[in-house]
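# Architecture and fold: a report
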Amino acid sequence: MKEVTKLIHKYLRHDKKFPHVWCPGCGIGIVLGALIRAIDRLGLSKDEVVLVSGIGCSGRMPVYVDFNTLHTTHGRALAFATGIKLVKPNLKVIVVMGDGDALAIGGNHFIHAARRNVDLTAIIINNHIYGMTGGQFSPTTPYGMRATTSPYKNIEHAFRIAELAVTAGAVFVGRGTVYHARMLDSLIEKAIQKQGFGVVEVMSPCPVQYGRINRLGDAVQMMKWQKENAVPVERAKRLPPEELDGKFVIGVLVDRELPIYQEEYEKVIALAQGRGDGG
Amino acid sequence: MEGEVLLQGNEAVVEGALAAGCRFYAGYPITPSTEIAEAMARRLPQLGGVFIQMEDEIASIAAVIGASLAGAKAMTATSGPGFSLMQENLGFACVAEVPCVVVDVMRGGPSTGLPTSPSQGDVMQARWGTHGDHPIIVLCASSVKECFYLTVRAFNLSEKYRTPVILLLDEVVGHMREKLRIPSPEEIEVVDRPRPTMPPEWYIPYEDTPSGVPPMAPFGEGYRYHVTGLIHDIRGFPTSRPDEIGPFFERLFRKISRNFADIHSSEAFQVEDAEVVVIAYGSVARSAKRAVIEARREGIRAGLLKLLTIWPFEKPAVERAASSARVLLVPEMNMGQISREVKRVNQGRAKVVTLNKMDSTLITPQEILEKIKEVLG
């Protein structure tokens, strides 16, 4: 058995009814593979991992894997995860969301989770579209692109997820793609290891709902687009801004140290119990 | 906290919750429930529990459900507008069978309404607010003492039946101060959720049991399983098979409907020989009691049935009253929500009269007394 197959067998649920829900060419399976490899490399036990999701194509990820898994409501995954983490700080709580899930209906929860710095890992799979409902534009659909609810053109401007996470205060922010699979493994691994709120945005193709209506080609062509338009963060720093037009930066955008919420809350407990000065 | 204290209704909710074992609170400020959050922020860290102020009420109940899945007894509190926002995840807690307590201190609505005025407008929202058919347990307090004891009971029922339990107060009950003797821990019955006793490989998270309530394993203790808001099979996995969906709903309703007798609670006051029985709940029940006492002084045979459990509706006690009394009088600070239930249960036996008030003020004992005289006269 190949190494990759062994890993899949180790972590997939054997009592779950397959097949999975994802379309041919979807990038979410690659993200799941990267997540499994990162967890395996970190040597985490299945019992200490909690995988939480919201609603949409990405929301179906937890059901397939043998962890403590929670498929919540649309946009609310981070808030559920916050409750789990604060009660059981020893668990590794990983939240997987889509772009509509995390940035539209869950946008408020997202920025506040970043600000609050509870020790969670957020993986946001950005395929620029609402896939499960059939291809409506999302907060990350680029200006001018088409979707079933912007049949002429999208007149809204897209959020840049990773940059938003940096501004909102996340202590670790990375952006990867499903084409740059090794980098993705490493970004997810670092985000899980990081103490505090870590974010990994993953650019992921949706050839069925986003690619087709915009004539972007099949999954392979969409991944080639990722390869050609991704600019590593070190190189991006040396380029004039105009050369980054229409491109996106990949790598670690931010890695900084801030006290995590749980540590701060321990100080509150000490103050409330008349121990220490809360400093 | 123990012994005799002067407490606000909202503060008594906090002490009741802590006595019941609540160690997690997530909430968002809203009048007239804010004192619950403030007291929790002060009290929970003293006990090593978690208080967190979330970005809105949607996130608050989500965090509460997460905390409960991790094994904590958890609650939130809010008022009308926030209660509306919580309905989405309240449904999640019903379907995923996650114990949690939601306190709704009712204020005038709809919308922003009358933030500092009492109301009983959320009785039906508490029953039907989340979409889809579902069972729910709703209690209602009329005094500071009941705030304490019904909060304990809300947690106990929630744990016992793995269901969200809603505790309704109204602004008057939430804000008024009364003497309360807080019992010692050994005086309080505390119920904990059923836990699996079998090894993890034998654990089937949503398997039917004689009680209909499957044992619940907290996350991170070896029982890895899936929790979802989708309708699921006994292993927790989403299903679209009618032969799995049907039994799921059957069990979800059965675990509550088989136990109506355990869940129901009400207090009867001088109803045995009463010609007119006032059926009331919340702060209105206080006015009703005074009105009944005054009526008795004047030789009128009046009685009071105070509802403590609002949903599932107290059918047996109301039926008894309907069989013995000539008139059932239902005063409410809404345009008639519980009176519809009373009429449904009454089935034409007694005459059902309503007394509805929505002008931001309480229903007074005099108003109820006058109505009693009017309906008998």
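## Some remarks on the overall build of chain A
Per the secondary structure count, chain A includes eleven helices and eight strands. At 19 Å, chain A has a C-alpha radius of gyration in line with the 19 Å of a compact globule built from 279 residues. On the principal axes, the C-alpha backbone points of chain A span a range of 65 × 50 × 35 Å. Across the 279 residues of chain A, 48% fall into the buried class.

## A few points about the packing of helix 1 (residues 9–19) of chain B against helix 2 (residues 34–46) of chain B
Residues and elements named next belong to chain B. Their axes nearest at 8 Å, the elements helix 1 and helix 2 cross at an angle of 45 degrees. As summarised for this structure, helix 1 and helix 2 are arranged oblique, according to the angle between their axes. Crossing hand, helix 1 versus helix 2: right-handed. Residues N10, E11, V13, V14 and L18 of helix 1 touch helix 2, and the partners they reach there are E35, I36, A39, M40 and R43. Among the residues forming the contact of helix 1 with helix 2, the class breakdown is six nonpolar, one polar and three charged.

## Remarks on the sheet that holds strand 7 (residues 230–232) of chain A
Taking strand neighbours across the sheet as the criterion, the nine strands line up as 7(A)-8(A)-5(A)-6(A)-4(A)-3(A)-1(A)-2(A)-10(B) in an open arrangement whose pairing is mixed. Strands with a single pairing partner mark the edges of an open sheet, and in this sheet they are strand 7 of chain A together with strand 10 (226–228) of chain B. The average angle at which neighbouring strand axes cross in this sheet is 20 degrees, direction not considered. Sheet topology note: the strand 1 (residues 49–53) of chain A/strand 2 (residues 68–71) of chain A ladder contains four bridges and is parallel. Its bridge partner being in strand 2 of chain A, V52(A) is matched across the sheet by L70(A). Sheet strands touched by helix 9 (residues 219–229) of chain A: strand 5 (172–177), strand 6 (198–203), strand 7 and strand 8 (248–255) of chain A. Its angle to strand 7 of chain A, the strand with the most contacts, is close to 35 degrees.

## Description of the domain arrangement of chain B
Residue and element names in this part refer to chain B. When its domains are assigned, chain B resolves into domain 1 (3–187) and domain 2 (267–376). Taking only C-alpha atoms into account, the centre of domain 1 sits 26 Å from that of domain 2. Of all the secondary structure elements, the ones that give two or more residues to the side of domain 1 that touches domain 2 are strand 6 (114–118), helix 5 (123–128), strand 7 (137–140), helix 6 (144–161), strand 8 (164–170) and helix 7 (171–175). When the residues that make up the side of domain 1 that touches domain 2 are grouped by side-chain class, the tally is 14 nonpolar, six polar and three charged.

## Here's the deal with helix 3 (residues 77–87) of chain A
Across the eleven residues of helix 3 of chain A, eleven count as buried, placing the element largely inside the fold. All buried positions along helix 3 of chain A are accounted for by A77(A), L78(A), A79(A), F80(A), A81(A), T82(A), G83(A), I84(A), K85(A), L86(A) and V87(A).

## As for the interface of chain A and chain B
On the side of chain B, 37 residues touch chain A, which itself brings 35 residues to the contact. For the side of chain A that touches chain B, the element with the highest residue contribution is helix 3 of chain A, accounting for eight residues. Within the side of chain A that touches chain B, the residues separate by chemical class into 15 nonpolar, eleven polar and nine charged. Where strand 2 of chain A meets strand 10 of chain B, three bridges bridge the pair, whose relative direction is parallel. Note that in strand 10 of chain B the partner of H71(A) across the bridge is T228(B).

Rules used throughout
- Residues numbered from 1 in each chain as written.
- Chains lettered and ligands numbered in written order.
- Predicted model: local features only at pLDDT ≥ 70, side-chain atom pairs only at ≥ 80, totals over all residues.
- Helix = DSSP H or I, 4+ residues; strand = E, 2+ residues; numbered from the N terminus.
- Rg over C-alpha atoms; globule rule 2.2 N^0.38 Å.
- Buried ≥ 20, exposed ≤ 12 C-beta atoms within 10 Å, placed from the backbone.
- Axes fitted to C-alpha atoms, helices over the stretch in contact; angles between N-to-C directions.
- Parallel < 35°, antiparallel > 145°, perpendicular 65-115°, else oblique.
- Left-handed = near helix turned anticlockwise from the far one by under 90°.
- Contact = placed C-beta atoms within 7 Å.
- Nonpolar A, V, L, I, M, F, W, Y, C, P; charged D, E, K, R; others polar.
- Pairing = 2+ DSSP bridges.
- Domains from an automatic or database assignment.

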